[in-house]
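# Remarks on the overall topology
Residue strings, one per chain:
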Amino acid sequence: MLTIYNTLSKTKEVFKPLEGNKVRMYVCGMTVYDYCHLGHGRSMVAFDLVTRWLRYSGYDLTYVRNITDIDDKIINRANENGEAFDALTARMIDAMHEDERRLNILKPDLEPRATDHIPGMHAMIQTLIDKGYAYAPGNGDVYYRVGKFVGYGKLSRKKIEDLRIGARIEVDEAKQDPLDFVLWKGVKPGEPSWESPWGPGRPGWHIECSVMSTCCLGESFDIHGGGSDLEFPHHENEIAQSEAATGKQYANSWMHCGMIRINGEKMSKSLNNFFTIRDVLDKYHPEVVRYLLVSSHYRSAINYSEDSLRDSKGALERFYHALRGLPRVAPQGGEEFVERFAAAMNDDFGTPEACAVLFDLVREINRLRESDVQAAAGLAGRLRELGDLLGVLQLEADDFLRAGAEGKVDAAEVEALIQARLQARTDKNWAESDRIRDQLAAMGVVLEDKKGETTWRLAD
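Residues numbered from 1 in each chain as written. Predicted model: local features only at pLDDT ≥ 70, side-chain atom pairs only at ≥ 80, totals over all residues. Heavy atoms only, no water.

### Some details on the packing of aromatic side chains
Selection rule: When the centres of two rings from Phe, Tyr and Trp lie within 6.5 Å, Trp using its six-membered ring, the rings pair. Their planes under 30 degrees apart give stacked, over 60 give edge-to-face, and anything left gives tilted. Working definition: helices are DSSP H or I runs of at least four residues, strands are E runs of at least two. Numbering for both runs from the N terminus. Burial here depends on accessible area, computed with a 1.4 Å probe over protein chains only, as a share of the maximum for the residue type. Under 20% is buried, over 50% is exposed, and the range in between is partly exposed. For a Lys NZ or an Arg CZ to count as sitting over a ring, it must be within 6 Å of the ring centre and within 35 degrees of the ring normal.
Under the counting rule described, the total for this entry stands at 16 aromatic pairs. Between Y133 and Y144, the ring centres sit 6.3 Å apart and the planes meet at 20°, which makes this aromatic pair stacked. Of this pair, Y133 sits in the loop between α4 (118-130) and β5 (134-135) while Y144 sits in strand β6 (residues 142-144), and the two are eleven residues apart along the sequence. Taken individually, Y133 and Y144 each receive the classification buried, so the pair is uniform in this respect. Taken together, the aromatic side chains of Y26, F221, Y250 and W254 make up a single cluster linked through ring pairs. Residue placement shows R299 over the ring face of Y5; its charged tip is 4.2 Å from the ring centre.

And the structure:
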């Protein structure tokens, strides 16, 4: 029985889809004005993990993750670059998809873009005006009337009276209340714009997700997800807009993943303390980075450091050493490990406990490989099966363990030296055998002798 921590209720709840076995999930995606940083990767991997487990559990999932392809940051960056905003976003979307492929992230079923849903935004905004939840002051803007929505603050537990303290209206704004937020922005010089009933302009950020989610999944759906930094004001405003427009509960469950932190601060482009995904992947194997992101619980913060990445690499090396040398066969045996893994994942996607199960499975594989290769191989298949649910352990063991060797060592030279060493051992020329081992060690090559066979990998 799957339980999910619902940010709305602040409790774990037994998950029950709104409609039979169908699950509809919407996750706030990237604002594509720059390369994705590792914090974005955290969110993408977290909900990829949710996707994999829901489908493994038999649910008929529709996964929607949007792209914000128009906003202030995009306009500013395009102007800085001297290029059209849509040329910038096209490049960044391609780069995002490349990062996803390298991190073994499955494609969402639908990936709507904000600029494709402008008419739907006009329709929802007009509905909110008609119901008295929004107003057009006549300057081309349209604002949402926060004070009219009775449930405002129910997701973030913020109170309107507290939010009003220190809030103010900027000189160029025509708000009735400092808390009101923009639904439609009147056009400004040098900005892209679309025609609307209130004059040319562009959408506010919050209305984009309300329209894309309900367009793709209906007025009510099962799961809405995103980073914890989106809980307020973005997701709070989405609820206010959507529920005021439809009169129905917007999302049944709200999931928020923790942030990547650098020295205790959130990784953020605005704080200029971020590493792009491609920066990190230039230094570390993609599976090492992915394992770092899945081995912590999705709701917890991850403190990024070289040490944490080395620990992730060490864990994967232990897994792949267990797989190394065993034939690839279908999973067999180890049902107790599957049950423990499922229990961990069904408890709000408890990946730390699920990873602990993999370590126990590795110990059993290593115990059996000397006495019962067939049983060990069956458990190795089970390890790959469970690893796939985390998006790891699908490579050939040597491919992972020797990753990065190209350009550092000549594989043919290494193999020739290994053969020379084996001959020296056959001839009982132990001094020559030791000399070759030392030569390989100086090249950064670690040898492993098992059952008369020698394998190699690069040293850490």
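### Focus: the pattern of salt bridges
Which entries qualify depends on this criterion: Each salt bridge in this description consists of a side-chain nitrogen of Lys or Arg and a carboxyl oxygen of Asp or Glu lying within 4 Å of one another.
Counted under the stated rule, the structure contains 34 salt bridges. With a shortest N-O distance of 2.8 Å, R52 and D48 are connected by a salt bridge. Within this pair, R52 and its partner D48 are both found in helix α1 (residues 38-56), separated by four residues, close to a single helical turn. Given a relative accessible area of 1%, D48 falls into the buried group. Residues R164 and D177 are paired through a salt bridge, measuring 2.5 Å at the closest nitrogen-oxygen approach. Placement of R164 in helix α5 (residues 160-164) and of D177 in the loop between α5 and β7 (181-186) is noted, with a sequence separation of 13 residues between them. Residues participating in the shared-partner salt-bridge network are D48, R52, R290 and D388.

### Details of the nonpolar core
This is how the line gets drawn: Here, nonpolar core means buried Ala, Val, Leu, Ile, Met, Phe, Trp, Tyr and Cys residues that are tied together by side-chain atoms lying within 4.5 Å of each other. Two residues qualify as a contact provided that any one of their heavy atoms is within 4.5 Å of a heavy atom in the partner residue.
The biggest cluster of nonpolar side chains holds 129 residues, and the ones touching the most others in it are Y144 and F341. Once you skip the residues sitting within four places of it in the chain, Y144 turns out to touch L128, Y133, A134, F149, D180, F181, L183, A240, Q241 and A244. Judged by nonpolar contacts, the second largest core, of ten residues, contains L440, V445, W456 and L458.

### Thoughts on the sheet that holds strand β4 (residues 60-65)
The criterion, for reference: In this description, strands pair whenever DSSP reports at least two bridges between them. Axes, fitted as lines to C-alpha atoms, cover a helix only where it is in contact. Angles between the N-to-C directions of the axes lie from 0 to 180 degrees.
In space, the four strands of this open sheet follow the order β4-β3-β9-β10, with parallel pairing throughout. Each edge of the sheet is formed by a strand with only one pairing partner; in this case those strands are β4 and β10 (251-257). For this sheet, the mean angle separating the axes of adjacent strands, direction not counted, is 20°. Relative to β10, strand β9 (residues 221-227) runs parallel, the two sharing six bridges. When the bridges of β10 are listed, F221 appears paired with A251.

### Here we look at the UniProt feature "short sequence motif: 'HIGH' region" (unreviewed entry) in the chain
Condition: UniProt positions are given in the numbering used here, feature names are shortened, and annotations may be inferred rather than shown by experiment.
UniProt's entry tags residues 30-40 with the feature "short sequence motif: 'HIGH' region" (unreviewed entry), counted in the numbering of this structure. Secondary structure within residues 30-40 divides into 27% helix and 0% strand; the distance between the first and last C-alpha atoms comes to 7 Å.

### Examining the pairing of β7
Burial of β7 is extensive: five of the six residues sit out of reach of the surface. Looking at chain direction, β6 and β7 are connected through three bridges and run antiparallel. Residue Y143 lies in a different strand from β7, and its bridge partner there is V182. Bridge analysis of β7 against strand β8 (residues 201-203) gives three bridges, and the strand direction is antiparallel. Within β8, the residue paired with G186 across the bridge is G201.

### Observations concerning unusual backbone geometry
Following F232, the chain continues into P233 via a peptide bond in cis, with omega recorded as 5°. Here P233 lies in helix α7 (residues 231-246). Despite not being glycine, N104 has its phi angle at roughly 60°, a positive value. With respect to the element layout, N104 can be found in the loop between α3 (85-102) and α4. Relative accessible area serves as the criterion here: at 31%, N104 is assigned to the partly exposed category. In this structure, K428 is a non-glycine residue whose phi angle is positive, near 60°. For K428, the position within the fold is in the loop between α15 (411-426) and α16 (430-442).

### Considerations on the environment of I118
Position of I118 among the secondary structure elements: in helix α4. For I118, a relative accessible area of 3% corresponds to the buried category. For the pair I118 and E208, spaced 90 residues apart in sequence, the C-alpha to C-alpha distance is 8.3 Å. Setting aside residues no more than four positions away along its own chain, I118 makes contact with W184, W194 and P203.

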